[in-house]
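Each chain, letter by letter, is given below.
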Amino acid sequence: MGGKAVAMYSPAYSQYTFSPDHPFQPKRLDLTMELINEMNLLLLEDLTDPVPALREELLLTHHVDFIDVVRRLSQPEEEMIYDRSGMGAGEAISPQKFGLGSEDTPVFPRMYEAARMVVGGTLKAAQLIVTGIVSHAVNFAGGLHHAQHAKAAGFCVFNDAAVAISYLRKNYPDMKIAYVDIDAHHGDGVQQLFYSDPQVLTISIHETGRYLFPGTGKIKELGEGMGYGYSVNVPLEAFTEDDSWMTSFDRVVIPCIQQFRPDLIVFQAGCDAHYLDPLTHLSCTTQIYSHASRVMHKLAHQVAGGKLLVLGGGGYDIWRVVPRAWTLVWAEIAGRSYEEQVAENWIEKFQGDSPYPLPRLMSDKIDDLPKIPRRQVIEEKNEIIVEQLLSEICWLKRKRKTTDIIMNIGY
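First, a word on scope: everything that follows refers to the structure included in this document. (Residues numbered from 1 in each chain as written. Predicted model: local features only at pLDDT ≥ 70, side-chain atom pairs only at ≥ 80, totals over all residues. Heavy atoms only, no water.)

Focus: the pairing of strand 1 (residues 5-8)
Turning to step 1, where the next piece is worked out: Covered by surrounding structure in strand 1 are Ala5 and Ala7 together with Val6 and Met8, the residues of both alternating faces.
Turning to step 2, where the next piece is worked out: One ladder, built from 3 bridges, connects strand 1 with strand 5 (residues 136-139); its direction is parallel. The residue bridging Ala5 from the neighbouring strand is His136, located in strand 5.
Turning to step 3, where the next piece is worked out: By the bridge criterion, 2 bridges tie strand 1 to strand 2 (residues 47-48) in an arrangement that is parallel. Note that in strand 2 the partner of Ala7 across the bridge is Leu47.
Turning to step 4, where the next piece is worked out: The β-α-β motif built from strand 1, the intervening helix 1 (residues 27-38) and the parallel element strand 2 has right-handed crossover chirality. (Buried < 20%, exposed > 50% of the residue type's maximum accessible area, 1.4 Å probe, protein only. Helix = DSSP H or I, 4+ residues; strand = E, 2+ residues; numbered from the N terminus. Pairing = 2+ DSSP bridges. Right-handed = clockwise from strand over helix to strand, strands pointing away.)

Dropping the structure here:
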């Protein structure tokens, strides 16, 4: 597989900071880019600077009142007038009405500028792809998939993936887009915004919402109107491990993408399904990130002319998991071979700051994995979920067994 890949990155991404003790820490981006560089996987020509999204670009997805509130809340504190009842008269603002000011998504200085930069990075990446300048583009700062039309949610102010998809739908009306989300949290914002659009296929493989925010993503959430059947959800049991995760991913994602045949694929590579992640309950290793990225890369070349936009997302063990997982994603997308040993220079540089011993291998040691007592039951439940889901997708005409389809792409 060929195709030039670029990575969107700027020190300005560090401005997207809620607080020093918030789970969502932009330092994970710096740690990731440093590791990619120290592993000799990054060339100077691979890096591209993002530019802030324009207000009219945000309006492709978000309500004007919501955008203006985010902008006004970014002003200095002394200029703000708060009101519990809502916007009301004058300059009064109720942050909570728009999903802001909560423990999950607090207001922070220069929030509007920081969020625009994240969206702008994803937009520029999409533009580079559709204009043929590159085949693949990666924006690890993006993937903020919980933000809704007029409301922030789950650490996400603006929904960069949805803005980029809306931009493509407006400027390329015949384009079909597939959005594949492997974050442990359901990609609810993107699903909701395109729930009735048959030109946008959304696939989310995530931990069941019985125990985890946002509580959505059931297999019966299939879309509405003309978009019925084009929202696909794979809710996995808590403590799902690698083999069951990858089997579920392959059996759903591969045939859906092959049948839908999108013109461009958006891949949200949230890395919070790892067993060390502090906010979720899945029990996977870094292996799933190599696997999923390899599959998406091959599918992009097979059905979408190589057009692949890769975003970040969740990932809250910023020392032991995120840098390794996203380095593996970049290596697969950029077609670079890597050493199994984590770069010693990277370990020496950051070990003093890390509260944990930093891993020395890109893959996880089997002996370090937690023992899952209900493994067989979990795997069987996941198999049932996949079978039920595939039977629900009316447009997916499986002329061959799913295993045969998987074999055709090399798995």
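What to know about the environment of Arg374
Turning to step 1, where the next piece is worked out: If you trace the backbone, Arg374 turns up in the loop between helix 10 (344-350) and helix 11 (375-392).
Turning to step 2, where the next piece is worked out: Through-space distance from the C-alpha of Arg374 to that of Thr240 is 9.6 Å; in sequence the pair is 134 residues apart.

A word on the pattern of salt bridges
Turning to step 1, where the next piece is worked out: One pass over the full model with this rule turns up 12 salt bridges.
Turning to step 2, where the next piece is worked out: Taking the shortest distance from any N to any O, the salt bridge between Glu237 and Arg210 comes out at 3.0 Å. Remark: Arg210 occurs in the loop between strand 7 (200-207) and strand 8 (231-236) and Glu237 occurs in the loop between strand 8 and helix 7 (242-260); sequence separation between them is 27 residues. (Salt bridge = Lys/Arg side-chain N within 4 Å of Asp/Glu carboxyl O.)

Quick look at the environment of Gly217
Turning to step 1, where the next piece is worked out: With respect to the helices, strands and loops of the structure, Gly217 is situated in the loop between strand 7 and strand 8.
Turning to step 2, where the next piece is worked out: Accessibility expressed as a relative area gives 1% for Gly217, which makes it buried.
Turning to step 3, where the next piece is worked out: Between the alpha carbons of Gly217 and Ala292 there is a distance of 19 Å; along the sequence they are 75 residues apart.

Details of the packing of aromatic side chains
Turning to step 1, where the next piece is worked out: Inspection of the entire model under this criterion finds 15 aromatic pairs.
Turning to step 2, where the next piece is worked out: When the ring of Phe24 is compared with that of Phe155, the centres are 6.2 Å apart and the planes differ by 65°; the resulting orientation is edge-to-face. With Phe24 in the loop between strand 1 and helix 1 and Phe155 in the loop between strand 5 and helix 5 (160-171), this pair connects stretches of sequence that are 131 residues apart.
Turning to step 3, where the next piece is worked out: The buried category is assigned to Phe155, whose relative accessible area is 9%.
Turning to step 4, where the next piece is worked out: Where Phe155 meets Tyr316, the ring centres are 5.7 Å apart and the plane angle is 80°; that geometry is what we call edge-to-face. Remark: Tyr316 occurs in the loop between strand 10 (308-311) and helix 9 (322-334) and Phe155 occurs in the loop between strand 5 and helix 5; sequence separation between them is 161 residues.
Turning to step 5, where the next piece is worked out: Each residue in the set Tyr16, Phe18, Phe24, Phe108, Phe155 and Tyr316 is aromatic and connected to the rest through ring pairs, giving one cluster.
Turning to step 6, where the next piece is worked out: Lying over the aromatic face of Phe24, Arg28 brings its terminal NZ or CZ to 4.4 Å of the ring centre. (Phe/Tyr/Trp six-rings, centres within 6.5 Å; stacked < 30°, edge-to-face > 60°. Lys NZ or Arg CZ within 6 Å of the ring centre and 35° of its normal.)

As for the packing of helix 8 (residues 287-303) against helix 9
Turning to step 1, where the next piece is worked out: One way to put it is that helix 8 packs onto helix 9 with a least axis distance of 8 Å and a crossing angle of 25°. Here helix 8 is positioned roughly parallel relative to helix 9, judged by the angle of their axes. Relative to helix 9, helix 8 is oriented so that their crossing is right-handed. Every residue of helix 9 that contacts helix 8 at Tyr289, Ser290, Ser293, Arg294 and His297 is listed here: Ala325, Leu328, Val329, Glu332 and Ile333. (Axes fitted to C-alpha atoms, helices over the stretch in contact; angles between N-to-C directions. Parallel < 35°, antiparallel > 145°, perpendicular 65-115°, else oblique. Left-handed = near helix turned anticlockwise from the far one by under 90°. Contact = heavy atoms within 4.5 Å.)

Some words on the pairing of strand 8
Turning to step 1, where the next piece is worked out: Burial of strand 8 is extensive: 6 of the 6 residues sit out of reach of the surface.
Turning to step 2, where the next piece is worked out: Here strand 8 shows two buried faces, one formed by Ser231, Asn233 and Pro235 and the other by Val232, Val234 and Leu236.
Turning to step 3, where the next piece is worked out: In terms of strand pairing, strand 7 meets strand 8 through 6 bridges, oriented parallel. Note on strand 8: the bridge partner recorded for Glu207 is Leu236.

Overview of the sheet that holds strand 9 (residues 264-268)
Hydrogen bonds along the backbone pair up the strands of a sheet, which may run parallel or antiparallel.
Turning to step 1, where the next piece is worked out: Pairing is parallel in the open sheet, where 8 strands are placed in the order 2-1-5-10-9-6-7-8. If you trace the sheet from one side to the other, it starts and ends with strand 2 and strand 8, each paired once.
Turning to step 2, where the next piece is worked out: Against the sheet, helix 5 contacts strand 6 (177-181), strand 7, strand 9 and strand 10, and its axis sits at roughly 170° relative to strand 6.

A short note on unusual backbone geometry
Turning to step 1, where the next piece is worked out: Omega for the peptide link from Phe213 to Pro214 comes to 5°, which places this bond in the cis form.
Turning to step 2, where the next piece is worked out: Unlike most non-glycine residues, Phe239 shows phi in positive territory, near 70°.
Turning to step 3, where the next piece is worked out: Tracing the backbone shows Phe239 in the loop between strand 8 and helix 7.
Turning to step 4, where the next piece is worked out: Within the chain, Arg261 stands out as a residue other than glycine whose phi angle is a positive 55°.
Turning to step 5, where the next piece is worked out: Here Arg261 lies in the loop between helix 7 and strand 9.

Structural notes on the nonpolar core
For soluble globular proteins, nonpolar side chains are generally found buried alongside one another.
Turning to step 1, where the next piece is worked out: With 135 residues, the main nonpolar core has Tyr16, Phe158, Leu201, Trp245, Phe249, Ile257 and Trp330 as its most contacted residues.
Turning to step 2, where the next piece is worked out: Broken down by element, the residue count for this core peaks at 13 residues, all from helix 4 (residues 111-130).
Turning to step 3, where the next piece is worked out: Sequence-distant contacts of Phe249, defined by excluding residues within four places in its chain, comprise Val180, Ile182, Ile205, Ile254, His291, Ala292, Val295 and Met296. (Core = buried A, V, L, I, M, F, W, Y, C linked by side-chain atoms within 4.5 Å.)

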